[in-house]
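Chain by chain, the residues run as shown.
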Amino acid sequence: NDAKPRHKYRVGMFTKGPPAREGAKILSADGQEVGVVTSGSMSPCLGRNISIGYVGKGFQKAGTPLQVVVRNKTHTAEVTKMPFVPTKYYKP
């Protein structure tokens with residue numbers, strides 16, 4: 001088994017302000033760059049902005065406060081569990 005340690009973790013985030021789009025920087029609560037957004041939009045189902053991105057180790061736990069940079073302004077974000085909307089598949 002040649003398992004390598006992971007250095008980036010895919011996370012879902014709820015964000016305030018404008019939606020964080022691809023390429024937006026993800027910052028820790030103290031302003032250190034810890035990742036990048038890969039996609040983001042306004043969720044009509046949830047009525048709030050959601051984003052997906054990659055962050056460094058230690059920032060992947062649900063509830064972790066983060067910040068995202070959109071148009072050179074910093075906005076708050078919080079890591080959340082995915083999927084954003086629970087599935088309701090029929091399982092016999």
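For the structure itself, consult the block above.
Residues numbered from 1 in each chain as written. Predicted model: local features only at pLDDT ≥ 70, side-chain atom pairs only at ≥ 80, totals over all residues. Heavy atoms only, no water.

1. Notes on unusual backbone geometry
Link 1 in the chain: A cis geometry characterises the amide bond from Met-82 onward to Pro-83, with omega recorded as 5°.
Link 2 in the chain: Mapped onto the elements of the fold, Pro-83 is located in the segment after strand S6 (73–80).
Link 3 in the chain: Phi at Arg-71 is positive, roughly 50°, even though this residue is not glycine.
Link 4 in the chain: Within the element layout of this structure, Arg-71 appears in the loop between strand S5 (65–70) and S6. (Helix = DSSP H or I, 4+ residues; strand = E, 2+ residues; numbered from the N terminus.)

2. Points about the environment of Ala-29
Link 1 in the chain: In this fold, Ala-29 is placed in the loop between strand S2 (25–28) and strand S3 (33–43).
Link 2 in the chain: The exposure class of Ala-29 is exposed, given its relative accessible area of 54%.
Link 3 in the chain: Residues Ala-29 and Pro-65 lie 36 residues apart in sequence; the distance between their C-alpha atoms is 6.1 Å.
Link 4 in the chain: Beyond its immediate sequence surroundings of up to four residues, Ala-29 is in contact with Pro-65 and Gln-67. (Buried < 20%, exposed > 50% of the residue type's maximum accessible area, 1.4 Å probe, protein only. Contact = heavy atoms within 4.5 Å.)

3. A short note on the nonpolar core
Link 1 in the chain: Counting residues in each nonpolar core, the largest one holds 13 residues, and the members touching the most others are Met-13, Ala-20, Ile-26, Val-37, Leu-66 and Val-68.
Link 2 in the chain: Mapped by element, the contributors of at least two residues to this core are strand S1 (8–15), S3, S5 and S6.
Link 3 in the chain: In terms of residues, this core owes the most to one element, S5, which gives three residues. (Core = buried A, V, L, I, M, F, W, Y, C linked by side-chain atoms within 4.5 Å.)

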